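Here are the chains, one letter per residue:
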Amino acid sequence: MDQDTLWKQFMSLPREARHEVADFIAFLQSKYRGSTAPEGVSDIATNLIRQYRLSHGLLIADAFIAATAITLGVPLVSKNQRDFRFISQLTLLPYP
């Protein structure tokens with residue numbers, strides 16, 4: 001994804017979500033310099049945020065967690081079922 005497209009997607013988010021995204025990106029950059037997410041994770045996370053941020057209160061970190069599982073094609077195991085249960089593309093398994 002080119003920088004212009006990413007910027008347009010970022011600016012299309014609600015104002016509160018943009019602040020959360022900016023804070024989250026700053027945190028990730030400070031902690032994980034040089035690490036990369038699998039290809040497509042940010043696109044899927046952006047779409048999840050657009051789709052579920054206002055209706056279900058999806059947090060940015062949870063969007064990236066879900067997007068990573070979706071991209072890798074693996075199920076997600078979580079105690080926090082309510083944070084992910086509305087994401088139809090995600091295979092969610094209960095915590096044992």
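The structure this text deals with has already been given above.
Student: What's the story with the packing of helix H3 (residues 41-56) against helix H4 (residues 60-72) in this structure? I'm lost.
Tutor: In contact at an axis separation of 8 Å, H3 and H4 are set at 130° when each is read in the N-to-C sense. When the axis of H3 is compared with that of H4, the two are oblique. Regarding H3 and H4, the two cross each other, and that crossing is right-handed. Seen from H3, the contacting residues are Val41, Ser42, Ile44, Ala45, Leu48 and Ile49; seen from H4, they are Ile60, Ala63, Phe64, Ala66, Ala67, Thr68, Ile70 and Thr71. Partitioned by chemical class, the residues of the contact of H3 with H4 number eleven nonpolar, three polar and no charged.

Student: When you look at the pattern of salt bridges in this model, what are you seeing that I'm missing?
Tutor: Opposite charge on two side chains permits pairing when their charged atoms draw close. Tallied over the entire structure, the rule returns two salt bridges. Measuring nitrogen to oxygen at the nearest pair gives 2.6 Å for the salt bridge that ties Glu16 to Arg53. Highlighted residues: Glu16 in helix H2 (residues 15-31) and Arg53 in helix H3, separated in sequence by 37 residues. A relative accessible area of 11% places Arg53 in the buried class. Across the salt bridge formed by Arg53 and Glu20, the nearest N and O atoms sit 2.5 Å from each other. Of this pair, Arg53 sits in helix H3 while Glu20 sits in helix H2; the two residues are 33 residues apart in sequence, bridging distant segments of the chain. Classification of Glu20 as partly exposed rests on a relative accessible area of 24%. Linked through salt bridges whose partners overlap, the residues forming this network are Glu16, Glu20 and Arg53.

Student: What am I meant to see in H4 here?
Tutor: Think of an α-helix as turning once every 3.6 residues; residues three or four places apart then point the same way. For H4, with 13 residues, the first-to-last C-alpha span of 18 Å sits near the 18 Å given by 1.5 Å per residue. Immediately downstream of H4, the backbone of Gly73 shows phi near 70°, a positive value.

Student: Looking at this model, I keep getting lost on the environment of His56. Mind explaining?
Tutor: Examined against the element boundaries, His56 turns out to sit in helix H3. With 28 residues separating them in the primary sequence, His56 and Phe84 have C-alpha atoms 9.4 Å apart. At a separation of 2.8 Å, a polar atom in the side chain of His56 contacts the side chain of Ser55.

Student: Help me understand the nonpolar core in this model?
Tutor: With 21 residues, the main nonpolar core has Leu48, Leu58, Ile87 and Leu90 as its most contacted residues. Contributing elements (two or more residues each) for this core: H2, H3 and H4. If we ignore the near neighbours within four places in the chain, the residues touching Leu48 are Arg53, Leu58, Ala63, Ala66, Ala67, Ile70, Ile87 and Gln89.

Rules of the game
- Residues numbered from 1 in each chain as written.
- Predicted model: local features only at pLDDT ≥ 70, side-chain atom pairs only at ≥ 80, totals over all residues.
- Heavy atoms only, no water.
- Axes fitted to C-alpha atoms, helices over the stretch in contact; angles between N-to-C directions.
- Helix = DSSP H or I, 4+ residues; strand = E, 2+ residues; numbered from the N terminus.
- Parallel < 35°, antiparallel > 145°, perpendicular 65-115°, else oblique.
- Left-handed = near helix turned anticlockwise from the far one by under 90°.
- Contact = heavy atoms within 4.5 Å.
- Nonpolar A, V, L, I, M, F, W, Y, C, P; charged D, E, K, R; others polar.
- Salt bridge = Lys/Arg side-chain N within 4 Å of Asp/Glu carboxyl O.
- Buried < 20%, exposed > 50% of the residue type's maximum accessible area, 1.4 Å probe, protein only.
- Expected span 1.5 Å × (residues − 1).
- Polar contact = N/O pair within 3.5 Å; in protein donor to acceptor, adjacent residues only side chain to side chain.
- Core = buried A, V, L, I, M, F, W, Y, C linked by side-chain atoms within 4.5 Å.

All we've got here are geometric facts, nothing functional implied.
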